[in-house]
Amino acid sequence: MSPSRMVRRIGFYVFVAVVTAFFALPMLWLVTAPFTRNPSLSVSWPDFTLGNFKHLSDDPNALPSLYNSAILSLWTMLITVAAAALAAYALSRVRIPGRDGILYLLLLLSSVITGTAAMVPIFQLMLKLHLLDKDIGVILVMTGGLLPAAIFILKDFMDTMPKSYEESARVFGANSFQVLGHVVLPNVRPGLATIAVWAVVNVWGNFLMPFLLYRTPEKQPAAVTLNNFYTEGGQPNLALISTFSLLYSIPVVIMFLFVNRRYGFRFHGGIKA
């Protein structure tokens, strides 16, 4: 190996090490700070105390908010996956004039019009529908925001599945719903898993819509409850924030590892005729 090539390789490994450390240090802080009596913003050897968890359990809204987040995430994920699967299958198999243009327009508008820009009309809509401070109102709002991208991704999976599979099922007398349930959906399980995890992660970390639409503190999810660990002057309680953040992160990490191990993640179909 020439000296210049060796220098380039050493420089590359040093760069990778620096980037890895940049992303690893916050994760290391998140793991060690909850077990430290008086954590600071620097990474230090923990005291291995469980006092922070005890103080967190004394907060009446902290642990229940994790349950609230789970309920919101689960129902939003189920509705998003079900609606996206039906819409993506219809758009994949039915020839509608301007179909692709409509799909790209929905995806573009959902990306350009963010929750911050739409929060006033959304609040007014929920107020007129009497859905403020109700789980169903938050679930419907977040489902509507996730559906365009979910349909766009799932349609690609549907497009790659050969129509001969469906034609064979129809020969044996299967109706449209049986074809969808027994032929189409089992073949696009990686896409459904990707959409499910993506929907859960988006709802799990969503702060704006629950903060805007919930009026009762007991109904607020974990993303909103986390904001309560700051004083009125904006000073963070690092002990409670780090402890709650660790508990807040564990369910999503476990779900990601489980789904990735079983189905894998990809944003395109891979079935060949």
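Scroll up a little and you will see the structure.
Throughout what follows, the structure given in this document is the object of discussion. None of the values given here were measured: they were computed from a predicted structure.

On to the overall build of the protein. Within the protein, the secondary structure is distributed over 12 helices and 0 strands. Taking 2.2 N^0.38 as the reference for a compact globule, 273 residues should give roughly 19 Å; the C-alpha atoms of the protein span a radius of gyration of 23 Å, well beyond that estimate. Within the protein, the proportion of its 273 residues that are buried is 38%. For the protein, the proportion of contacts with a sequence separation of at least 24, taken over those separated by at least 6, is 73%. With an accessible surface of roughly 16,300 Å², the protein has 69% of that area assigned to carbon and sulfur atoms. The average position of the 20 basic charges and that of the 12 acidic charges among the side chains of the protein differ by 13 Å.

On the surface, Phe 12, Tyr 13, Phe 15, Val 16, Val 19, Phe 22 and Phe 23 cluster together into a nonpolar patch covering about 780 Å² of accessible area. On the secondary structure map, Tyr 13 appears in helix α1 (residues 3–32). In this structure Tyr 13 comes out as exposed when scored by relative accessible area, which is 52%.

Here the focus is the side chain of Thr 32. Of note, Thr 32 is situated in helix α1. Within the local environment of Thr 32, its side chain forms a polar contact with the backbone oxygen of Leu 28, the two atoms lying 3.0 Å apart. Those residues within four positions of Thr 32 in sequence are excluded, and the remaining contacts are Val 43, Ser 44 and Pro 46.

Here we take up the pattern of salt bridges. Applying the stated criterion across every chain yields a total of 3 salt bridges. Where Lys 155 meets Asp 159, a salt bridge forms, and the shortest distance between an N and an O atom there is 2.8 Å. Pair noted here: Lys 155 and Asp 159 are both in helix α6 (residues 135–160), with a separation of 4 residues, about one helical turn.

This part covers the environment of Asn 228. Along the chain, Asn 228 turns up in the loop between α11 (222–225) and α12 (238–262). The exposure class assigned to Asn 228 is partly exposed, which follows from its relative accessible area of 45%. Separated by 167 residues in sequence, Asn 228 and Asn 61 place their C-alpha atoms 9.7 Å apart.

To continue, consider unusual backbone geometry. For residues that are not glycine, phi is negative in most cases, and the peptide bond is trans in most cases. Positioned with a positive phi, His 130 is a non-glycine residue whose angle comes to about 60°. Position of His 130 among the secondary structure elements: in the loop between α5 (115–128) and α6. In this model, Asp 133 sits at a positive phi of 65°, which is unusual for a non-glycine residue. Relative to the elements of secondary structure, Asp 133 occurs in the loop between α5 and α6.

Calculation notes
- Residues numbered from 1 in each chain as written.
- Predicted model: local features only at pLDDT ≥ 70, side-chain atom pairs only at ≥ 80, totals over all residues.
- Heavy atoms only, no water.
- Helix = DSSP H or I, 4+ residues; strand = E, 2+ residues; numbered from the N terminus.
- Rg over C-alpha atoms; globule rule 2.2 N^0.38 Å.
- Buried < 20%, exposed > 50% of the residue type's maximum accessible area, 1.4 Å probe, protein only.
- Contact = heavy atoms within 4.5 Å.
- Areas by Shrake-Rupley, 256 points an atom, 1.4 Å probe, with all protein chains shown as cover.
- Lys, Arg positive; Asp, Glu negative; His and termini not counted.
- Charge placed at Lys NZ, Arg CZ, Asp CG, Glu CD.
- Patch = residues over 30% accessible without salt bridge, like charges linked within 9 Å, V, L, I, M, F, W, Y side chains within 5 Å.
- Salt bridge = Lys/Arg side-chain N within 4 Å of Asp/Glu carboxyl O.
- Polar contact = N/O pair within 3.5 Å; in protein donor to acceptor, adjacent residues only side chain to side chain.

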